[in-house]
Amino acid sequence: MNYRFALFAALALAGASTAAIAKDGEFPKGTALPPPAMAGAGPDLSLDLMKAMTKRLSADDFEGRAPSTPIEPKVLDYIVAQFKAAGLQPGNHGQWLQPVPTVEITGEHQTPLTVTGGGTKLSFAFGNDYVAASYRVAPKTQVKDSDLVFVGYGINAPELGWNDYAGIDMKGKTAVILVNDPDYASKTEDGPFKGRRMTYYGRWTYKFEEAARQGATAAIIVHDTFPAAYGWNVVNSSWTGAQYYVQKPNDAMDQTMANGWVQKPVAEAILKAAGKDLASLTKAAQTKGFKAVPLGLKVSFGFDNAIRKSTSNNVVGVLPGKTRPDEYVLYSAHWDHLGHCTPDKTGDDICNGAVDNATGVAALTTLAKANVAEGPAARSQVFIALTLEESGLLGSEFYGANPIYPLDHTVGGVNMDALLPAGAAKSYTMTGGDKSELADLLHSALAERKLTEVPEEHSEKGGYYRSDHFSFAKRGVPMFDIGRSDDLVVGGEAAGAKAGEDYTENRYHGPKDEYSESWDWSGILQDLDLYYALGRTLADGSTWPNWRAGDEFRAIRDKSCAAATGGCHK
Ligand SMILES: [Zn+2]
């Protein structure tokens with residue numbers, strides 16, 4: 001079914017009054033149509049394929065697509081068959097699959113966390129007061145009498161002349177770290193760390209990575225609901241139980257012995273025992289030139305680790321380029337979901353993952369099919385259905401660490417995660433804001449469609465760092481993560497907000513994220529049209545979009561390009 005006809009049909013489905021349509025065959029005022037140039041001649045973005053794949057992947061017999069379970073081979077076979085039918089070639093040196101070795105570590109028998117050296121011994125309970133886990137593949141974790149050091153936000157940003165670890169040797173010590181970045185409380189996006197917008201330096205993952213680089217024995221983040229953007233319940237639930245990691249040759253012995261969080265009152269008690277005050281130390285930490293503060297206290301805690309190793313798989317297909325086949329454009333979407341989850345009132349315990357992310361895998365295949373139909377582009381186009389996104393972006397992390405196509409020959413790309421079956425929109429947001437020259441491409445594609453770009457609503461939540469494109473971006477590859485705003489063609493902001501709330505409150509990561517014949521596809525088709533245009537323009541182009549000057553990933557890209565032969569080497 002051709003795109004233009006499909007959009008017409010879908011708008012009808014979305015209840016745009018047929019009278020309005022019937023009367024003059026025109027679309028409601030403000031409807032965003034493909035630019036005339038594309039109309040008719042445009043890509044064949046098959047709504048039938050979108051529907052068929054979304055429905056199949058989210059069917060009960062796929063049991064919510066949990067990775068590394070007996071259902072995985074069935075999911076892989078289905079995606080490989082669809083990639084083949086779309087006309088792609090096996091993308092991993094003649095193979096369709098890229099195995100991703102993972103390790104599952106479950107902490108047990110956690111001791112209290114004790115602090116000595118401040119007069120009375122302090123003791124805090126696991127779960128209510130503190131949580132911790134080990135990235136290291138070791139049967140036992142024991143932090144014993146480790147010196148505590150308050151390191152402010154724990155940031156080392158050479159490009160900003162900021163280093164909270166300057167002048168302190170962290171070997172054998174435990175870092176106490178504040179969450180988010182020093183200017184998070186700002187009302188604007190101005191400031192060294194982009195004000196209220198969270199930078200990667202503000203993400204908990206960065207804090208633990210940097211503490212490990214500093215040689216710390218352990219790292220403890222102070223939880224605070226506003227700067228963290230979620231409550232202790234989220235920390236507690238995601239840090240107790242099984243943790244998943246990509247297997248590393250060194251069994252992650254380069255990481256700290258233990259990473260964890262404490263509740264804010266616990267941090268206040270510890271600092272008080274050191275004769276310090278959390279509020280004034282936080283103030284100091286927000287000022288450039290802050291120096292880390294040894295607390296004169298020692299911390300101890302420990303637990304056992306149950307270890308299970310397994311392997312899941314990314315599915316990789318490629319459409320080789322015509323004139324510059326050794327330059328690559330990436331398209332990614334994760335296939336995994338939660339499998340069997342907490343049953344709802346009806347007893348349904350299958351988290352079908354129709355929106356999250358059967359729609360993304362269907363979009364991946366539909367874009368591949370349209371590109372094959374259009375004929376190879378100048379550059380090669382790589383389509384990756386990633387695994388283990390729900391377990392911490394592990395499939396993309398593994399690809400990023402073990403790229404099949406060199407990252408310094410990878411131009412950029414787009415990641416698709418959870419396309420909402422709601423109406424077409426008048427505007428789009430770009431998660432992460434204007435981080436790279438990809439934004440220019442987006443602006444012209446939007447302008448062609450009489451669409452606008454609106455700011456991301458919750459930049460303080462660090463959305464850019466929470467899905468698979470981030471595994472490529474943090475290694476320098478510019479990646480798009482865009483989405484429709486709430487301002488829908490039919491029904492405006494109210495309709496968009498309503499659709500978003502219904503998904504977040506009733507369906508997200510639950511048994512009700514299911515396929516329905518009554519879905520409104522007009523918004524998803526609008527997304528597809530835009531993704532197609534962005535990807536194809538990159539693939540037919542010869543430019544190498546870079547990160548904006550001063551962006552946190554610019555230095556990484558410049559370094560990898562400087563060392564490259566060909567590819568992004570200028
Ligand atoms: Zn997802």
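What counts as what
- The numbers attached to residues start from 1 for each chain and follow its sequence in the written order.
- For a predicted model such as this one, the threshold for reporting local features is a pLDDT of at least 70, and the threshold for listing and counting side-chain atom pairs is 80 or more; totals across whole chains, interfaces and linings nevertheless cover every residue.
- Note that water and hydrogens are dropped before the side-chain values are worked out from all heavy atoms of the structure.
- The donor set comprises N, O and S atoms within 2.8 Å of the metal, extended to 3.2 Å for Na, K and Ca; water molecules are omitted, so apparent gaps in a site may simply reflect that omission.
- Strands here mean DSSP runs of E at least two residues long; helices mean DSSP runs of H or I at least four residues long; both are numbered from the N terminus.
- To sort residues, take the accessible area from a 1.4 Å probe on protein chains only and compare it with the maximum for the residue type: under 20% means buried, over 50% means exposed, and anything in between is partly exposed.
- Here the rule is simple: two strands pair whenever DSSP picks up at least two bridges between them.
- Where a domain begins and ends is set by an automatic assignment or by a domain database.
- Contacts were defined at the residue level, with two residues in contact if any of their heavy atoms lie within 4.5 Å.
- By buried area we mean the combined loss of accessible area, with a 1.4 Å probe, across both parts when two parts are placed together.
- Here, a salt bridge means any Lys or Arg side-chain nitrogen found within 4 Å of an Asp or Glu carboxyl oxygen.
- In protein, a polar contact means a hydrogen-donor-capable atom and an acceptor-capable atom, both N or O and within 3.5 Å, with residues adjacent in sequence counting only if both atoms are side-chain atoms; elsewhere, any N or O pair within 3.5 Å suffices.
- Gly is put with the polar residues, along with every residue not named as nonpolar or charged; the nonpolar set is Ala, Val, Leu, Ile, Met, Phe, Trp, Tyr, Cys and Pro, and the charged set is Asp, Glu, Lys and Arg.
- As defined here, a cavity is a set of points on a 1 Å grid over the protein atoms alone where a 1.4 Å probe fits but cannot get out. A pocket is an open set with protein on both sides within 12 Å along at least five of seven lines, and residues line them when an atom is within 4 Å of a point.
- Grid points are joined across faces, edges and corners, and a volume is the space filled by probe spheres set on the points.
- Joining through side-chain atoms within 4.5 Å is the link that ties buried Ala, Val, Leu, Ile, Met, Phe, Trp, Tyr and Cys residues into a set, and such a set is a nonpolar core.
- Any Phe, Tyr or Trp ring, taking Trp's six-membered ring, that has another such ring centre within 6.5 Å forms a pair; planes under 30 degrees apart are called stacked, those over 60 apart edge-to-face, and the others tilted.

## Section: the coordination of the zinc ion
So, point 1. The coordination sphere of the zinc ion contains the protein donors H334 (NE2), D356 (OD) and D417 (OD), at a distance range of 2.0 to 2.3 Å.
So, point 2. All donor residues of the zinc ion come from one chain, and their arrangement in sequence is H-x21-D-x60-D. Within this pair, whereas H334 is found in strand β14 (residues 324-334), its partner D417 is found in the loop between β18 (410-415) and β19 (427-430), the two being separated by 83 residues in sequence.
So, point 3. The class for D417 is partly exposed, based on a relative accessible area of 26%.

## Examining the pairing of strand β13 (residues 293-319)
So, point 1. Bridge count between strand β1 (residues 89-90) and β13: two bridges; the pairing is antiparallel. The residue bridging Q89 from the neighbouring strand is V318, located in β13.
So, point 2. Pairing of strand β2 (residues 97-108) with β13, which is carried by 12 bridges, proceeds in the antiparallel orientation. Each residue of the ladder has a partner; that of P101, found in β13, is T311.
So, point 3. Pairing geometry for strand β3 (residues 113-116) and β13, over three bridges, is antiparallel. Each residue of the ladder has a partner; that of V115, found in β13, is V299.
So, point 4. As paired elements, strand β6 (residues 140-150) and β13 share eight bridges and run antiparallel to each other. Residue pairing for β13: T141 is matched across the bridge by F303.
So, point 5. Pairing geometry for β13 and strand β17 (residues 379-386), over five bridges, is antiparallel. What sits directly across from G317, in β17, is F383.

## Focus: the domain arrangement of the protein
So, point 1. Partitioning the protein into domains gives domain 1 (47-101 + 312-563) and domain 2 (104-308).
So, point 2. Taking only C-alpha atoms into account, the centre of domain 1 sits 32 Å from that of domain 2.
So, point 3. In this assembly, 21 residues from domain 1 lie in contact with 18 residues from domain 2.
So, point 4. The contact between domain 1 and domain 2 buries some 1700 Å² in all, and 52% of this surface belongs to carbon and sulfur atoms.
So, point 5. Across the pair E209 and K474 runs a salt bridge, and its minimum N-O distance is 3.8 Å.
So, point 6. If you look at where domain 1 meets domain 2, you find 10 residue pairs in polar contact (both at pLDDT 80 or more).
So, point 7. Counting residues per element, the side of domain 1 that touches domain 2 draws most heavily on helix α11 (residues 394-401), which supplies three residues.
So, point 8. Residues that form the side of domain 1 that touches domain 2 fall into these classes: six nonpolar, five polar and 10 charged.

## Overview of the layout of surface pockets
So, point 1. What the second largest pocket holds in volume is close to 500 Å³.
So, point 2. If you go around the second largest pocket, you meet 24 residues; those closest to its centre are P421, A422, A499, D502 and D520.
So, point 3. Top contributing element to the lining of the second largest pocket by residue count: helix α14 (residues 492-507), with six residues.
So, point 4. In terms of residue class, the lining of the second largest pocket is made up of 14 nonpolar, four polar and six charged.

## Re empty space enclosed by the protein
So, point 1. Considering all chains together, one arrives at eight cavities of 30 Å³ or more under this definition.
So, point 2. Here the largest cavity defines a volume of roughly 80 Å³.
So, point 3. As for the largest cavity, its lining consists of M430, T431, G433, D434, K435, S436, L438, A439, Y464, M479, F480 and W547.
So, point 4. When its residues are assigned to classes, the lining of the largest cavity shows seven nonpolar, three polar and two charged.

## Topic: the nonpolar core
Note on soluble globular proteins: their nonpolar side chains tend to be buried together.
So, point 1. If you look at the biggest cluster of nonpolar residues, it comprises 65 residues, and the most contacted ones within it are I79, F83, L367, M416 and I482.
So, point 2. Among the elements that make up this core, the one with the highest residue count is helix α10 (residues 354-374) (10 residues).
So, point 3. Not counting residues up to four positions away in its chain, the partners in contact with I79 are L57, V315, W335, V361 and A385.
So, point 4. Counting 61 residues, the second-largest nonpolar core is a separate cluster that includes Y153, L178, L271 and F290.

## Here's the deal with the packing of aromatic side chains
Where two aromatic rings form a pair, the distance of their centres and the angle of their planes describe that pair.
So, point 1. What the rule picks out here adds up to 29 aromatic pairs.
So, point 2. Seen in terms of ring centroids, Y200 and Y465 are 5.4 Å apart; in terms of plane orientation they differ by 45°. Their pairing is tilted. Residue Y200 is located in the loop between β9 (174-178) and α5 (204-213), and its partner Y465 is located in the loop between β20 (452-453) and α13 (469-473); the two are separated by 265 residues in the primary sequence.
So, point 3. Its relative accessible area of 6% is what places Y465 among the buried residues.

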